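# Reading the structure
Residues per chain are reported as follows:
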Amino acid sequence: MEINSTTPPSKRQKIAVTNNYDDAYFKSYEDLTVHAGMIGDSVRTNSYRLALLRCSDQILGKVVADVGAGTGILSCFCAQAGAKKVYAIEASGVAKIAEEVVQRNKLADKIQVIRGRIEEVELPEKVDVIVSEWMGYFLLMESMLNSIIYARDKWLKPGGVILPNVATMYLAPIRRDGEEDEDDDDEDGNNYDNEEEDGKFGDENHTSNSVAPLQPDCFDDAVQDEFNVWISVKRQYGVDMSFLGERLYDNYIKKAHVDSIYSTQIIAHPCKLSTIDILTVTESELRKIEAKFNFSCYGQAKLHGFVGWFTVSFPCDKEVILSTSPYSLQTHWQQTIMYLRKGEHVEQDTAIDGQISIKPNRKRFLDIDLKYAINDKQTKSQTYFMDGS
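The structure presented is a predicted model; accordingly, all values stated were derived computationally and were not measured.

Before going further, it helps to examine the overall build of the chain. Across its full length, the chain holds eleven helices and 15 strands. Classification of the 389 residues of the chain by burial places 53% in the buried group. Long-range pairs, those at least 24 residues apart, make up 74% of the contacts in the chain between residues at least 6 apart in sequence. On the chain, roughly 17,500 Å² of surface is accessible, and the fraction owed to carbon and sulfur atoms is 46%.

Now the structure itself:
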């Protein structure tokens, strides 16, 4: 079963860049607006509640560890499902809020809040079940799955259960929203592909400070407006600032963006990149996720980039799947979009083949390498940095 909601997405906290990335990571989760956004994501919260109640036969009378408990809502769900004892482990200062939630809901006899990283705390006993909402953008950002692996190896009893127990990553090619015509010509018949080839956007031929003759394939409206300003300064005031437009474009295109797309933007059937069994995966396997992909396009379109998302599933009698797919209603995870530097024309059955490498780095961000070829022609590559913005 897949849970849907009309709740608008709310982004997770962007991790501050400091010399101590772990401290900054945990500090970011002391902001209650972050937790309100996650709990207010009813796809996420309802999926967990339904899954834990449907898994009550695996929780009833058992000892549970809630790793990264936050405000403690999943711990409360476990208590509602009949857990004998729940250890709510939370490294950030929001652990104090979790203690208050436990007290106000009269669950202190069942839930014990333990402040600290799972790698540093000592639990009173081994556990039968590990519960966690560990998923970051594009599944692996934040690197919290490593903590679940640690908890599993140290604290989970043989034959124990992890909820959720399987995660799957997907990729699909996309066109830009609103892009119906694959032709680059504007309404006057002018073609701007050659201007984009050398990456130069600012010249005296640009005639408007509100609409740039060249529309970079990836820009949203806000970025496009800023781009238009920089490339129009020379025409308006005789001062060349077009390099700032080029720099804006370069910086934008190097990032993997967190945003929502419409399913109608997808131009081929999605490809499954990786399926991760949480009961058996190792930290070394997570150091780099590599996968090949191949797509066969449907219809004429312009390939502007690729979109990634994930699902997690719970081993209930009636399976519960939490999906961040553009085919489902939105979650606060949204999707991950990787724009191409230059769009590519595709037609019915055009083949897109390639491979992707996803590598968590020490900042809890992601480094992504993507290579692709259209109809077995020249292989092109782009590198992306993902920090959740």
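Next up on the list: helix α3 (residues 42-54). Taking 1.5 Å of rise per residue, the 13 residues of α3 would be expected to cover 18 Å, and the 17 Å separating its terminal C-alpha atoms lies within 8% of that figure. Here α3 starts with a cap whose side-chain oxygen sits 3.2 Å from the backbone nitrogen of Val43, and that cap is Asp41.

Turning our eyes to something else, we now look at the sheet that holds strand β14 (residues 366-374). One open sheet holds the four strands; their spatial order is β9-β13-β14-β15, and the pairing between them is antiparallel. In this open sheet, the two strands that pair with only one neighbour each are β9 (289-296) and β15 (380-386). Pairwise comparison of adjacent strand axes, ignoring direction, gives a mean angle of 20° for this sheet. Pairing of strand β13 (residues 351-360) with β14, which is carried by nine bridges, proceeds in the antiparallel orientation. Residue pairing in the sheet places Lys359 in a bridge with Asp367 of β14.

On to the side chain of Lys85. Here Lys85 shows up in strand β2 (residues 85-90). Put simply, Lys85 is tucked away with no salt bridge, and the nearest opposite charge, on Glu125, sits 7.1 Å away. Leaving out residues up to four positions away in the same chain, Lys85 has contacts with Lys62, Val63, Val64, Asp109, Lys110, Gln112 and Glu125.

If you trace the five strands from one edge of the open sheet to the other, you get β3-β2-β1-β4-β5, paired in parallel fashion. The open sheet terminates on both sides in strands that have one partner only, identified here as β3 (111-115) and β5 (156-163). Sheet twist, expressed as the average angle between the axes of neighbouring strands with direction ignored, equals 25°. Note that β2 and β3 share five bridges and pair parallel.

A separate point is the packing of aromatic side chains. Summed over the entire model, instances satisfying the criterion amount to ten aromatic pairs. Ring geometry for Phe365 versus Phe385: centroids 5.5 Å apart, planes at 85°, classification edge-to-face. Residue Phe365 is found in the loop between β13 and β14, and its partner Phe385 is found in strand β15; the two are separated by 20 residues along the sequence. Residue Phe365 is classed as buried on the basis of its relative accessible area of 2%. Residue classification places Phe385 among the partly exposed positions, given a relative accessible area of 28%. One aromatic cluster is present, built from ring pairs that chain together Phe293, Phe295, Phe306 and Tyr372.

For the pair helix α9 (residues 221-237) and helix α10 (residues 242-253), the least separation of the axes is 6 Å and the interaxial angle reads 150°. By the angle between their directions, the pair α9 and α10 is classed as roughly antiparallel. α9 and α10 meet at a crossing whose hand is left-handed. Contacts from Val223, Glu226, Phe227, Trp230 and Ile231 of α9 reach α10 at Ser242, Leu244, Gly245, Leu248 and Tyr252.

On to the pattern of salt bridges, then. All chains considered together, the criterion is met by nine salt bridges. Residues Lys154 and Glu122 are paired through a salt bridge, measuring 3.2 Å at the closest nitrogen-oxygen approach. Remark: Glu122 occurs in the loop between β3 and β4 (127-131) and Lys154 occurs in helix α7 (residues 145-155); sequence separation between them is 32 residues.

For Arg44, the location among the structural elements is in helix α3. Aside from chain neighbours lying at most four places away, what touches Arg44 is Met38, Ile39, Glu133, Leu322, His332 and Trp333.

Basis of the calculations
Residues numbered from 1 in each chain as written. Predicted model: local features only at pLDDT ≥ 70, side-chain atom pairs only at ≥ 80, totals over all residues. Heavy atoms only, no water. Helix = DSSP H or I, 4+ residues; strand = E, 2+ residues; numbered from the N terminus. Buried < 20%, exposed > 50% of the residue type's maximum accessible area, 1.4 Å probe, protein only. Contact = heavy atoms within 4.5 Å. Areas by Shrake-Rupley, 256 points an atom, 1.4 Å probe, with all protein chains shown as cover. Expected span 1.5 Å × (residues − 1). Polar contact = N/O pair within 3.5 Å; in protein donor to acceptor, adjacent residues only side chain to side chain. Pairing = 2+ DSSP bridges. Axes fitted to C-alpha atoms, helices over the stretch in contact; angles between N-to-C directions. Lys, Arg positive; Asp, Glu negative; His and termini not counted. Salt bridge = Lys/Arg side-chain N within 4 Å of Asp/Glu carboxyl O. Phe/Tyr/Trp six-rings, centres within 6.5 Å; stacked < 30°, edge-to-face > 60°. Parallel < 35°, antiparallel > 145°, perpendicular 65-115°, else oblique. Left-handed = near helix turned anticlockwise from the far one by under 90°.

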